[in-house]
Amino acid sequence: MPAKMQTSNDGELTAIRVPGRIARAVQHVRQMLGAKPIRRPTVDPALTRRAPIERAAEVVRYSIARAEYWLSPGGTLRSVLRLCIKAALLIGLPAIIVGPVVLLLLEGALAATASLAAIAANLAALSISLITAVIGFAVLIALIRSFLRRK
């Protein structure tokens, strides 16, 4: 960080550290995220008087808190994780709620499409049968007329 010289009331020069661009940007991001500094984790004074399972849980809690403090004592990691969880819920909950409804509608559309395809196939078969029947009757009538004219 660059240092700035300033004179105090008694005429003595003192160096004041002015944060650089990166430090100011980090401070701005922390402020935007609402990061609050994390207290340094401490071991529970009653740890030795606890039951073994409670001691194990306390040791795990202390280890995780110490790792979190080591990674981000300013609380930025916690704020970013909180923001990510909110974004995941914002995206995930509508997908979980709306997804099954859309899937149900698509399954209904699939069933309706299959029914419509079956209806179209039946109508095509019926029209071919009717055309064959009409042609058959026309041929039959033509044959009957030709036999009646010969007599």
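Criteria and cut-off values
- Residues numbered from 1 in each chain as written.
- Predicted model: local features only at pLDDT ≥ 70, side-chain atom pairs only at ≥ 80, totals over all residues.
- Heavy atoms only, no water.
- Helix = DSSP H or I, 4+ residues; strand = E, 2+ residues; numbered from the N terminus.
- Buried < 20%, exposed > 50% of the residue type's maximum accessible area, 1.4 Å probe, protein only.
- pLDDT = per-residue confidence, 0-100.
- 1 Å grid on protein atoms, 1.4 Å probe; cavity = no way out; pocket = protein on both sides within 12 Å on 5 of 7 lines; lining within 4 Å.
- Points joined across faces, edges and corners; volume = space filled by probe spheres on them.
- Nonpolar A, V, L, I, M, F, W, Y, C, P; charged D, E, K, R; others polar.
- Expected span 1.5 Å × (residues − 1).
- Salt bridge = Lys/Arg side-chain N within 4 Å of Asp/Glu carboxyl O.
- Contact = heavy atoms within 4.5 Å.
- Patch = residues over 30% accessible without salt bridge, like charges linked within 9 Å, V, L, I, M, F, W, Y side chains within 5 Å.
- Areas by Shrake-Rupley, 256 points an atom, 1.4 Å probe, with all protein chains shown as cover.

**As for the overall build of the protein chain**
Scanning the protein chain from terminus to terminus reveals three helices and two strands. The N-to-C order of helical and strand elements in the protein chain reads β-β-α-α-α. Residues classed as buried in the protein chain amount to 9% of the 151 residues present.

**Overview of the confidence of the model for the protein chain**
Within the protein chain, residue pLDDT values average 87, and 87% of them lie at 70 or more. Averaged over each element, pLDDT in the protein chain is lowest for strand S1 (residues 3-7) (58) and highest for helix H2 (residues 52-71) (93).

**What about the layout of surface pockets?**
Each pocket or cavity is described by its volume, and for the largest pocket that value is around 260 Å³. What lines the largest pocket is a set of 16 residues, and nearest its centre among them are Pro37, Ile38, Arg39, Glu68 and Arg78. Residue composition of the lining of the largest pocket, by class: five nonpolar, four polar and seven charged.

**Structural notes on helix H1 (residues 21-33)**
Here H1 is 13 residues long and its end C-alpha atoms lie 18 Å apart, about the 18 Å a rise of 1.5 Å per residue gives. The positive-phi residue at the C-terminal boundary of H1 is Gly34, with phi of around 75°.

**Here we look at the pattern of salt bridges**
According to the stated counting rule, one finds three salt bridges in the structure shown. Measuring nitrogen to oxygen at the nearest pair gives 2.6 Å for the salt bridge that ties Arg61 to Glu58. With a gap of three residues between them, Arg61 and Glu58 both fall in helix H2, about one helical turn apart. Of the charged contacts, one joins Arg78 and Glu68 as a salt bridge, the two residues approaching to 2.8 Å between their closest N and O atoms. On the criterion of sequence distance, the pair formed by Arg78 in helix H3 (residues 76-150) and Glu68 in helix H2 is long-range, its members being ten residues apart. Here Arg78 falls in the partly exposed class, since its relative accessible area comes to 39%.

**Some thoughts on the environment of Pro41**
In this fold, Pro41 is placed in the loop between H1 and H2. Taking the C-alpha atoms as reference, Pro41 lies 7.5 Å from Tyr69; in sequence the two are 28 residues apart. Setting aside residues no more than four positions away along its own chain, Pro41 makes contact with Tyr62, Ala65, Arg66 and Tyr69.

**Some thoughts on a nonpolar patch on the surface**
Together, Ile85, Leu89, Leu93, Ile96, Ile97, Val98, Val102 and Leu106 give the surface a local cluster of nonpolar side chains, amounting to about 780 Å² of exposed area. Within the secondary structure layout, Ile96 lies in helix H3. Relative accessible area serves as the criterion here: at 61%, Ile96 is assigned to the exposed category.

**Quick look at the side chain of Ser72**
Structurally, the position occupied by Ser72 is in the loop between H2 and H3. Apart from the residues lying within four places of it in its own chain, the contact partners of Ser72 are Ile38 and Leu77.

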